[in-house]
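Each chain, letter by letter, is given below.
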Amino acid sequence: MRRQVIEKLEILADAAKYDASCASSGGKRENSPTGIGNSTGAGICHSYTEDGRCVSLLKVLFSNVCIYDCAYCVSRRSNEEVTRVAFTVDEVVELTMGFYKRNYIEGLFLSSGIFKDADTTTEKLVAVARSLRQDHGFNGYIHLKVIPGASPELLTEAGRLADRLSVNVEIPSEAGLKQVAPEKDYDQVFGPMGHVRDGITEAKEERKKDRRAPRFAAGGQSTQLVIGATPETDRQILELSDGLYSEQKLRRVYYSGFVPLGGDDRVPDPETYRAPLHREHRLYQADWLLRKYGFDLDEVAPPGSGNLDAEVDPKTSYALRFPYLFPVDVNTAPVEWLQRVPGLGIRSAKRIVAARRRGVVRWDDLRTMGVVLKRAQFFLTTPDHRPQLIDRDPNAVRQRIVGGRGDGAPQLSLFAPAPVRLAAPASAPLPKAA
Ligand code: SF4
């Protein structure tokens, strides 16, 4: 490989590492007799698939030249510390094919700085995908980043060529976006996002009628939110995510803790700021509850709340806010309720329901079903296990979970006054079907 291309690759792959929105989509693409490669359910990416497998992709920028000046981005116009380079279309195609044939990668994630305008940049990304598909018969995975403000015609072609598209919202409020990325606005982001959504929906409808109808971003679309560069709370961030899932039909929202780069007063100072990795983790947990467990936004992050509970995971936090809904009887509760128990996942809830058909489920049976008993012990009832602490003192349960058994938990007296029972709200939150 030519030295000049290797140097570009080092610079542009490093600049691309800040984009978290490229985890595998699980998109499928079969090989053809004249083509090369295929994209399976494992997808691609230097990331983890939804089922936990690690997959690889060539994740690179086409160019780090950018006319925009987003304070949170290493490629911003005003950053004089970086060397500016750009690939040619042929160079990216050659790299992708070379790495794919050597089995280094399973696909390509291609983004770019905006080097002239949105359409000129998008044309280059589309040209790479077109050449890979049409000139080289490449059937591996392609994820293209949509440049905010790109025209519908280019987006349509991008959707025909790529397995996944993503347009990054980046900052979780428009006011915040204006503050740190003055050239951007939400229209530039949500216009293309809506076009991609409609393209996906129409292609699915067409393929129901005719399986030969062309695909359109069959792996769906995703986005990234930068956490911590601007002051939005977790509730505000999850409100936005909830809307992105329900209205824009996004497959995934990725949360990326802001990494301070220095040299820009519009974002937190690297001397005092630490990337909010713990917050990022809690947001992924809450997002999971919204997408997979049938929780409502208000159950995960109550209206008016700020950030998620740092001490306990969002499901435990929910259970501690609604103690009168627990403990849940392992042998009679519907699967939707079992899934709401801290320490119980979807798979173990289903295992419990299956085991009930064979007989009464006892405490020891739960261990073999993958239940995290350290948390679940306070919220589940079996014939040989009857916890009462959640009813009497949810704060003591919190202390036991946070601090380990006994740490900080008050010893309950046999002669203590009768526990105060919290009144159920007029409309107790009922689980939706997952
Ligand atoms: S437009 Fe994209 S590449 Fe350019 S500065 Fe903003 S985030 Fe960075």
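Just so it is clear, the model here is predicted, and its values are computed rather than measured.

A. Region of the structure containing the overall build of the chain. Helix and strand counts for the chain come out as 16 helices and 10 strands. Scored against the burial criterion, the 434 residues of the chain give a buried share of 53%. Contacts in the chain between residues at least 24 apart in sequence constitute 66% of all its contacts with a sequence separation of at least 6. In the structure as shown, the chain presents an accessible area of about 20400 Å², 50% of it carried by carbon and sulfur atoms.

B. View of the site of the ligand. Near the ligand, the surroundings consist of Cys66, Tyr68, Cys70, Tyr72, Cys73, Arg76, Gly113, Ile114 and Lys184. Across the shell around the ligand, the residue classes tally to 6 nonpolar, 1 polar and 2 charged.

C. Quick peek at the pairing of strand E3 (residues 58-61). Every second residue of E3 is oriented toward a common face, with Leu58 and Val60 on one face and Lys59 and Leu61 on the other, all of them buried. Bridge count for E3 against strand E4 (residues 107-111) is 4 bridges, and the pairing is parallel. Counted as the bridge partner of Val60 is Leu110 from E4.

D. Up close: the environment of Arg164. Looking at the secondary structure, you find Arg164 in strand E6 (residues 164-166). Sequence separation between Arg164 and His143 is 21 residues; the distance between their C-alpha atoms is 4.7 Å. Polar contacts involving the side chain of Arg164 include one to the main-chain carbonyl oxygen of Gly219, which spans 3.0 Å.

E. Structural view of the environment of Gln224. Along the polypeptide, Gln224 turns up in strand E7 (residues 221-227). Residue Gln224 is classed as buried on the basis of its relative accessible area of 3%. Expressed as a C-alpha distance, the spacing of Gln224 and Ile171, which sit 53 residues apart in the sequence, is 8.5 Å.

The rules behind the values
- Residues numbered from 1 in each chain as written.
- Predicted model: local features only at pLDDT ≥ 70, side-chain atom pairs only at ≥ 80, totals over all residues.
- Heavy atoms only, no water.
- Helix = DSSP H or I, 4+ residues; strand = E, 2+ residues; numbered from the N terminus.
- Buried < 20%, exposed > 50% of the residue type's maximum accessible area, 1.4 Å probe, protein only.
- Contact = heavy atoms within 4.5 Å.
- Areas by Shrake-Rupley, 256 points an atom, 1.4 Å probe, with all protein chains shown as cover.
- Near = heavy atom within 4 Å.
- Nonpolar A, V, L, I, M, F, W, Y, C, P; charged D, E, K, R; others polar.
- Pairing = 2+ DSSP bridges.
- Polar contact = N/O pair within 3.5 Å; in protein donor to acceptor, adjacent residues only side chain to side chain.

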